[in-house]
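A closer look at the structure
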Amino acid sequence: MNLFKLVWIELWNKKTQLISSLMAIVIGIGVIVGIRTINVYSEKAVAVKLDNLGANILVLPQATSIDDYSTSDIDAPTIPMEYVEKILTSEIKGVDNLSPKLTRRITIGNKKFVLTGIQPKNEIASKPLWQNTGFGKEIQASCAPSTAENKSHGYEDEKLKRKGVDSLDYTECLLGAQVAKALNLKVKDKLKIQDKELTVAKLLVETGTVDDDRIFVNLKAAQEILGIKDQISAIEIMGCCNAISDGLLSKLRNILPDTRITTIGQIVSTQIETNKTMKKTSVIFLIIILFVGSISIGNYMWANVNERRKEIGILRMIGTYKTEIYKILLVKASILGLIGGILGYSLGTIAAYYMGPAFAQIQVSAIPIFLLWSVLISIGISITGSLIPAYFAAKFDAFSNMQEE
Amino acid sequence: MDIINTNNLGKTYLHKDGKVDAIKNITIAVEKGSFVTITGPSGSGKTTLLLTLAGLIRPTSGAFSFLEKELTHVHDCELAQFRRKNVGFIMQSFALIPYLTTIQNVMMPLALNKISKQKQKEIATSVLETVGLENRLNHLPRELSAGQQQRVAIARAMVNSPSLIFADEPTGNLDPMLAVEILDFLKEINEKNKITVIMVTHSPVAAAYGNVKIHLDKGEIKSINEKIIK
Ligand SMILES: Nc1ncnc2c1ncn2[C@@H]1O[C@H](COP(=O)(O)OP(=O)(O)OP(=O)(O)O)[C@@H](O)[C@H]1O
Ligand SMILES: [Mg+2]
C-alpha cells in the first residue's frame, strides 16, 4: 500500500460517480476542441483558398457565383478573352498582374475532374504559394506583398522550384494530387483528354482544396479541348492594396460594365466571419466550462468529502498527516482532470471529424497540441474545484463523527 | 512507569446551542501495561476523553503527556506522528476503509510508516493469522461478518506494534459470544505483548477485564477501581 494506490483503488471503486461528475468537463472540453479544430481547418481553408486564387480581384461573368468560379459547370457563363487586352490597354494603374482562366468540369473515364486553362507566366507570377498551406500571413500576402516581403516569406524560392510551370507548354499539363492518384499518372506520362494528348509536366503538392482535382493546361489548349474559343471564365487580378482603396474596382467596372468585379475580401469575408463567430463561441464555451466544470467537480469532491468524512477520520485516526490528506485529494483531482481532458479531447476531435464536412465543408483531422491544452485546462478546473473541499476535508474535526456511527 | 499522564484535562465543545463541558478536571496516571476500562452513562464524556488522549481532539484546559512527552500543545503533525508510531484504534463501528480489502486495511498503518511493500505484506499476513483471518485476506469489509470486521480492526490496531491501544466500545456491535472472544483477545495482547489498553465500554462484562476501572459521570471521574473520588 501507499497513498497513491489508495487513491487509485478508491477511484476505481467509484467509477460510475467519477464518470458522471466528469460529464460537464468532458462535454465542455469536447465542444471547445470540436469548435477549435473545425476553426483551425476552416482558417486553413480560407488561407488555402486565398493562396490558390493568388489574386485579390476577380473579374467574372455577370451571372457567375463564387462557387461556380472555382468549379465551373459545362454551361457556366464566360467572358471574352479580349477583356484582358481591355484592361492592359487602359490607363488604370495598380494592376500588378493579370491571369485569365478557363475552368470546366470534365470527365475522364468515369471520373470527374476540373480542367483549368491558364496562361503560365502570368499565372505563376500572381500565384505565390502553391505549396504553402499555412494560414494567417497569407491573408495579408494576398494584398500584393512588396518584393522584400516576398523574399522574407521565401516566395522567391518557391518560384524557382516551380520553374517548370513557367513554361507550361501547349502539350503539357499539371496534375493536382488527387488527379494523379485517381489516374495513376507520373511525370512524363501521357494523358489523353478528348482527342488531345498531353504530357504530365509536374504533379502538384496536395492542398486539400479543389485544386487537388484540377488538371492545369495551357489556356489555349483548354479552349480547344472544351471548344470555347477565345472565351475565359475569369480574370484574376493582383491589385495593389493602395490602388484598391483608391477605387481600382470601380475603374475596372467602368471599362468592363457587363462583368462582376469583386475582391477576395468579399469572397472570403463570409468564411472569415464564420471563423470569427466560432472563435467567439469557443471563448464563451471556455468560460462556461470553467464555471460549470469547476462546480461539477467541486460538487463531486465535496460530496466525496462529506460522504467520506468518516474515511478521512479513519485516515487521520491511524496517523495520516493533514498534508497527506490534501495530497490524496489533489492527486485524485489531477487524475480526474487527466481523464476528463483526454475524454473531452477525444470527444471533440471525433465530433469535429464528422461535423467538419457537414457544417463547414472542410476535412478535419486531429490536432495533437489540443490534447495538451485539454488536459491542462481539465486538470486546472478539477484542481480548482477540489481546493475548497480539500481545504475543509483536511481542516474539519473528523473525529466528532467517529462516535456518531 | 506511566505511559499516560493527565493534569486537570478538560474539553469544552463550543456548540451553537451553548457550551458543553464534555470532560473536566481529569487527572490520571496510566501505568504501562495496564488494561484501563472507562465506564459511565451515555454522554458522560467517555469518547471525548479517549479521543483527547489520542490527540484526535484538542483539550481546552489542562495538559496530557505520553511517556512523559508533553502533547497538549504540539503541532498536529506531531500528534499524527504519535498515532502512527505508537497507537492502535478499535472502534465500535470498526472504522475500516470500505473500498480496501482486509489485507489492504491492515497494511495502511505500515504504509504510513513507510514500510516496504514486501514487509507490509509479510507483517499484515502474519498479524491476520493471529486473529484467524488468513483465508479472508482479499475480502472487502462488507463481505465479512461483524466479528470478522472487528478482528480486521484489531489486526490493524496491532500491526505497527503500538505501545497503546484505544478501544471505544469494541464489542458494542457484537453478540455476547463474539464479544467475549474479542475481549479475551484484547486481554491476551495486553498481557503477552505488553500493550497498554484503554477501553471505553458500557458492558459490565467488558469492564471486568480491566485492572484499572475508571467511572465517569457528567465529564468527571467518579471513581477509580470503585474508590469514590468525588
Ligand atoms: N462535536 C461535539 N460538539 C458539541 N458537543 C459534543 C460533541 N461531541 C460530543 N459532545 C457532547 O459532549 C458530551 C460527551 O460526549 P461523549 O461522546 O464523549 O459521550 P460518551 O460518554 O461517549 O457517550 P456514549 O456512551 O453515548 O457514547 C455529550 O453531552 C455530547 O453531547
Ligand atoms: Mg461514546
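The structure reproduced in this document is the subject of the present report. (Residues numbered from 1 in each chain as written. Chains lettered and ligands numbered in written order. Predicted model: local features only at pLDDT ≥ 70, side-chain atom pairs only at ≥ 80, totals over all residues. Heavy atoms only, no water.)

This part is about the overall build of chain B. Helix and strand counts for chain B come out as 7 helices and 12 strands. Looking at chain B as a whole, 56% of its 230 residues qualify as buried. For chain B, contacts bridging at least 24 residues in sequence account for 69% of all contacts bridging at least 6. For chain B, the computed accessible surface area is about 10100 Å², with 53% contributed by carbon and sulfur atoms. (Helix = DSSP H or I, 4+ residues; strand = E, 2+ residues; numbered from the N terminus. Buried < 20%, exposed > 50% of the residue type's maximum accessible area, 1.4 Å probe, protein only. Contact = heavy atoms within 4.5 Å. Areas by Shrake-Rupley, 256 points an atom, 1.4 Å probe, with all protein chains shown as cover.)

A word on the packing of helix 3 (residues 102-112) of chain B against helix 5 (residues 146-158) of chain B. Residues and elements named next belong to chain B. Direction vectors running N to C along helix 3 and helix 5 enclose 25 degrees, while the axes themselves pass 8 Å from each other. As far as their axial angle goes, helix 5 and helix 3 are roughly parallel. When you trace helix 3 past helix 5, the crossing you get is right-handed. Touching T102, N105, V106 and P109 of helix 3 are V152, A155 and R156, all from helix 5. Looking at the contact of helix 3 with helix 5, its residues break down into 4 nonpolar, 2 polar and 1 charged. (Axes fitted to C-alpha atoms, helices over the stretch in contact; angles between N-to-C directions. Parallel < 35°, antiparallel > 145°, perpendicular 65-115°, else oblique. Left-handed = near helix turned anticlockwise from the far one by under 90°. Nonpolar A, V, L, I, M, F, W, Y, C, P; charged D, E, K, R; others polar.)

Across the boundary between the two partners, chain A contributes 25 residues, which contact 30 residues of chain B. In total, about 2600 Å² of surface goes out of reach between chain A and chain B, with carbon and sulfur atoms giving 64% of it. Seen at the junction of chain A and chain B, the total is 4 salt bridges. In this structure, R84 of chain B engages E324 of chain A in a salt bridge whose closest nitrogen and oxygen atoms are separated by 2.6 Å. Along the contact surface separating chain A from chain B lie 9 residue pairs in polar contact (both at pLDDT 80 or more). If you list the elements that add at least two residues to the side of chain A that touches chain B, you get helix 1 (3-13), helix 15 (309-317), helix 16 (322-360) and helix 18 (399-402) of chain A. Counting residues per element, the side of chain A that touches chain B draws most heavily on helix 1 of chain A, at 6 residues. A class-by-class count of the residues in the side of chain A that touches chain B yields 11 nonpolar, 5 polar and 9 charged. (Buried area = accessible area lost by both parts, 1.4 Å probe. Salt bridge = Lys/Arg side-chain N within 4 Å of Asp/Glu carboxyl O. Polar contact = N/O pair within 3.5 Å; in protein donor to acceptor, adjacent residues only side chain to side chain.)

Glancing now at helix 4 (residues 82-89) of chain A. Residues and elements named next belong to chain A. The set of residues buried in helix 4 consists of Y83, V84 and I87. For helix 4, the buried positions fall inside an angular range of 105 degrees around the axis, keeping them on one side. Away from its buried face by more than 90 degrees, helix 4 exposes E82, L88 and T89. (Arc of directions from axis to C-beta.)

We now examine helix 15 of chain A. Residue and element names in this part refer to chain A. In terms of burial, helix 15 is largely enclosed, as 7 of its 9 residues are buried. Three or more residues of helix 15 are buried, namely E311, I312, G313, I314, L315, R316 and M317. Taken from the residues just after helix 15, G319 is the one with a positive phi, measuring 100 degrees.

We now examine the nonpolar core. Formed by 115 residues in total, the largest nonpolar core has its most connected members in L6 of chain A together with F166 and I198 of chain B. When residues in this core are grouped by element, the largest group, 12 residues, is from helix 2 (residues 15-53) of chain A. The residues contacting F166 of chain B, other than those within four sequence positions of it, are I4, L50, L53, A54, V87, G88, F89, I90 and I198 of chain B. Counting 37 residues, the second-largest nonpolar core is a separate cluster that includes I87, L98, L115 and A222 of chain A. (Core = buried A, V, L, I, M, F, W, Y, C linked by side-chain atoms within 4.5 Å.)

Residues and elements named next belong to chain B. Read from one edge to the other, the open sheet built from 7 strands follows the order 7-8-9-4-10-11-12, with strand pairing classed as mixed. Strands with a single pairing partner mark the edges of an open sheet, and in this sheet they are strand 7 (87-91) and strand 12 (227-228). As defined by bridge partners, strand 4 (residues 35-39) adjoins strand 9 (residues 196-200) across 4 bridges and the pair is classed as parallel. Opposite I38, over in strand 9, you have V200 as the bridge partner. Contacts between helix 6 (residues 176-192) and the sheet are confined to strand 4, strand 7, strand 8 (164-168) and strand 9, with strand 9 contributing the most and set at about 150 degrees to the helix. (Pairing = 2+ DSSP bridges.)

Moving on: the pattern of salt bridges. Under the defined criterion, the tally for this structure stands at 13 salt bridges over all chains. K186 of chain A is the salt-bridge partner of D189 of chain A, the closest N and O atoms lying 4.0 Å from each other. The closest approach of N and O atoms between E78 of chain B and K69 of chain B, which form a salt bridge, is 3.0 Å. Counted as one network, the salt bridges with shared partners bring together R316 and K322 of chain A together with R58 and D76 of chain B.

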